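Each chain, letter by letter, is given below.
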Amino acid sequence: MSRLTWDEAKITAFQKALVSWYEANKRILPWRENTEPYRIWVSEIMLQQTKVDTVIPYFNRFMTQFPTMESFVEADEADILKAWEGLGYYSRVRNLQTAMKQVITEFSGTVPHDLATILSLKGVGPYTAGAILSIAYNQAEPAVDGNVMRVIARVLEINEDIMKVSTRKIFEEVLYQLIDKTSPAAFNQGLMEIGALVCTPTKPMCLLCPLQSFCEAHKNGVETNYPVKIKKVKSKTKELLSIIVFSEDGKIAIEKRPETGLLANMWQFPTIEIAKKENKEVAKLQFLHTYGLDVLLEEEPIAHIKHVFSHLVWKMDIQVATLQSAETRENWYFATEEEMARLAFPVPYQKMWQAWKEFKGE
């Protein structure tokens, strides 16, 4: 279905049930303290692909470090990457800074409050635009995320694959008809909140749901059949070998990743891609060719780390290496632990460093 067939009385009843439930049950979250557009925007970008409980401390630290849009725009990229360290999807924070620079230069620091203009900003898609416009500006724009699609798919038994872009348009169309034009902020956040707390993916708590009487999937006992989601193609897997290697004066070898691509401009330990049965001599030659590092590898890895990206899986062997000699190369250098603490490392390499500390008994 793509059109809503409810009459006005049913739509009004749905709006009232949802908004009333939200006002009585909404969680106390730091980005709900006020509706300043900068704070709403940052929170929505952080919450993409990330759980609320994970985001809370990041958001609080971010707002302490960058309390205004101006302070964020003026910050060095290294500092914003460090503040984002551990959240993943680092292009999000780069795009956020780019977009906010545009807001400062083109819109005198005021986040645009019309849909077409806000969608023109880097990294702002329909969901983020709808969230900002409805929550910060109380405009009747839908904000269609995964939680919202799950709730509405069950309520209306929408049978389209939610992984398709065209399906999102169906949900937007329906929500333009459903949204409470007097309380769009509470309406949108209410749908998100129900999806997060009540209408969960595998065990929806229908008896607690304020939308139960409106829900076609509940009426037919098929709640978990929705939303329809066709499984994605299997992710590619890479086998990697990463090493901990110190210089004679106790510094550790690290490298900066390229300016574009996965985890751009972030730091990591020397890493090579290996075949599953790679022998130590071949690996030694790879480190020499790639980094100019002549190393002896210890017999066994100190840890095995698996890290899953949206499209890729890394399976990493972590080994200690003894340095024999090192050529100076542009793509890496030896850093002190104090320097490393100021640099942004992706999650798998944070885990690697922690594994090294545990190996040493710290």
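Details of the structure are given in the entry above.
Residues numbered from 1 in each chain as written. Predicted model: local features only at pLDDT ≥ 70, side-chain atom pairs only at ≥ 80, totals over all residues. Heavy atoms only, no water.

Draft legend 1. Geometry of the pairing of strand E1 (residues 236-245). When E1 meets strand E7 (residues 312-326), the two strands line up parallel, connected through 10 bridges. The partner of Ile-243 across the bridge, within E7, is Gln-319. (Pairing = 2+ DSSP bridges. Helix = DSSP H or I, 4+ residues; strand = E, 2+ residues; numbered from the N terminus.)

Draft legend 2. Geometry of the packing of aromatic side chains. Enumeration over the complete set of coordinates arrives at 19 aromatic pairs. Ring centres 4.9 Å apart and planes at 85° place the aromatic pair Trp-332 and Phe-334 in the edge-to-face group. The burial state of Trp-332 is the same as that of Phe-334; both residues are buried. These aromatic residues form a ring-pair network of at least three members: Phe-269, Phe-309, Trp-314, Phe-345, Tyr-349 and Trp-353. Lying across the ring of Tyr-58, Arg-61 places its NZ or CZ 4.8 Å from the centre. (Phe/Tyr/Trp six-rings, centres within 6.5 Å; stacked < 30°, edge-to-face > 60°. Buried < 20%, exposed > 50% of the residue type's maximum accessible area, 1.4 Å probe, protein only. Lys NZ or Arg CZ within 6 Å of the ring centre and 35° of its normal.)

Draft legend 3. Geometry of the packing of helix H2 (residues 37-47) against helix H3 (residues 52-65). Between H2 and H3, the shortest axis-to-axis distance is 10 Å and the interhelical angle comes to 140°. With respect to H3, the element H2 is oriented oblique. For the crossing formed where H2 meets H3, the hand is right-handed. Within the contact between the two elements, H2 uses Tyr-38, Arg-39, Val-42, Ser-43, Met-46 and Leu-47 and H3 uses Val-52, Val-55, Tyr-58, Phe-59, Phe-62 and Met-63. Of the residues that constitute the contact of H2 with H3, the class distribution is 10 nonpolar, 1 polar and 1 charged. (Axes fitted to C-alpha atoms, helices over the stretch in contact; angles between N-to-C directions. Parallel < 35°, antiparallel > 145°, perpendicular 65-115°, else oblique. Left-handed = near helix turned anticlockwise from the far one by under 90°. Contact = heavy atoms within 4.5 Å. Nonpolar A, V, L, I, M, F, W, Y, C, P; charged D, E, K, R; others polar.)

Draft legend 4. Region of the structure containing the layout of surface pockets. Taken as a whole, the second largest pocket holds about 420 Å³ of empty space. Taken together, 21 residues line the second largest pocket, and the ones lying closest to its centre are Gly-88, Tyr-89, Tyr-90, Leu-263 and Phe-309. Across the lining of the second largest pocket, the residue classes break down as 11 nonpolar, 9 polar and 1 charged. (1 Å grid on protein atoms, 1.4 Å probe; cavity = no way out; pocket = protein on both sides within 12 Å on 5 of 7 lines; lining within 4 Å. Points joined across faces, edges and corners; volume = space filled by probe spheres on them.)

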